[in-house]
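# Chain and residue survey
Chain by chain, the residues:
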Amino acid sequence: QVRLVESGGGSVQPGGSLRLSCAASGFTFSTYAMSWYRQAPGKERELVAGITAAGGTTDYVDSMKGRFTISRDNAKNTVYLQMNSLKPEDTAVYYCRVQTVVRAYWGQGTQVTVSS
């Protein structure tokens, strides 16, 4: 079955960096676009970034442009989110997502906390 497992979250100071990973299994990873979402306490889950199946096209929410970079390694069935210049408002649980023909699948999430 489809499985998405995020890792790489943690606590960092403002201005710091983290690299999140999402290991995928149970589907043909290289044929699906992938995306990262996040959910802050008391807020709706929101899109962060997306990447096409071959990795040739990426897209970001405006507030993340220039600070976050999404990438993928189809040989490792893994999608990444490099986050730089982190701000306290980036504190959230970060999820990866895949939309298959049948339905959307989510990972369990990884907590990112940005605080001094």
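Going by the structure above, here's the rest.
So, here's what we can say about the structure.

Conventions and cut-offs
Each residue is numbered by its place in its chain's sequence as written, counting from 1. Local features in this predicted model are restricted to residues of pLDDT 70 or higher, and side-chain atom pairs are both shown and tallied only at a pLDDT of 80 or more, whereas totals for entire chains, interfaces and linings draw on every residue. Each side-chain value is worked out from all heavy atoms of the structure, with water and hydrogens disregarded. The term salt bridge refers to a pairing of a side-chain nitrogen on Lys or Arg with a carboxyl oxygen on Asp or Glu at a separation within 4 Å. Put simply, DSSP marks the helices as runs of H or I at least four residues long and the strands as runs of E at least two long, and each gets a number from the N terminus on. For the exposure calls, accessible area comes from a 1.4 Å probe over protein chains only, and a residue counts as buried if that area is under 20% of its type's maximum, exposed if over 50%, partly exposed in between. Pairs were defined over the aromatic rings of Phe, Tyr and Trp, the Trp ring being its six-membered one, requiring ring centres within 6.5 Å. Orientation was assigned from the angle between planes: stacked under 30 degrees, edge-to-face over 60, tilted for the rest. Cation placement over rings: the criterion is NZ of Lys or CZ of Arg within 6 Å of the ring centroid and within 35° of the ring normal.

### Quick look at the pattern of salt bridges
All told, the structure shown has 4 salt bridges when counted by the stated rule. In this structure, Asp 90 engages Arg 38 in a salt bridge whose closest nitrogen and oxygen atoms are separated by 2.9 Å. With a gap of 52 residues between them, Asp 90 in the loop between strand S8 (78-83) and strand S9 (92-99) and Arg 38 in strand S4 (residues 34-39) connect regions that are remote in the sequence. Overall, Asp 90 belongs to the buried group, its relative accessible area being 0%. The partner of Arg 67 in a salt bridge is Asp 90, with the nearest N and O atoms 2.7 Å apart. Of the two residues, Arg 67 is situated in the loop between strand S6 (58-60) and strand S7 (68-73) and Asp 90 in the loop between S8 and S9; the sequence distance between them amounts to 23 residues. Taken together, the salt bridges that share partners define one network made up of Arg 38, Glu 46, Arg 67 and Asp 90.

### Some points on the packing of aromatic side chains
Going through the model one piece at a time under the given rule, you end up with 4 aromatic pairs. Here the aromatic rings of Phe 27 and Tyr 32 are separated by 5.7 Å at their centres, their planes lie at 75 degrees, and the arrangement is edge-to-face. On the basis of relative accessibility, which here comes to 14%, the residue Phe 27 falls in the buried class. By relative accessible area, which is 21% here, Tyr 32 ends up partly exposed. A centroid spacing of 6.3 Å and a plane angle of 90 degrees characterise the contact between Tyr 95 and Trp 106, whose relative ring orientation is edge-to-face. Placement of the pair is Tyr 95 in strand S9 and Trp 106 in strand S10 (residues 104-106), with a sequence separation of 11 residues. Assessed through its relative accessible area of 12%, Tyr 95 is described here as buried. Since its relative accessible area comes to 34%, Trp 106 is described here as partly exposed. Joined through ring pairs, the aromatic side chains of Phe 27, Phe 29 and Tyr 32 make up one cluster. The ring of Tyr 80 carries Arg 19 above its face, with NZ or CZ at 3.9 Å from the centroid.

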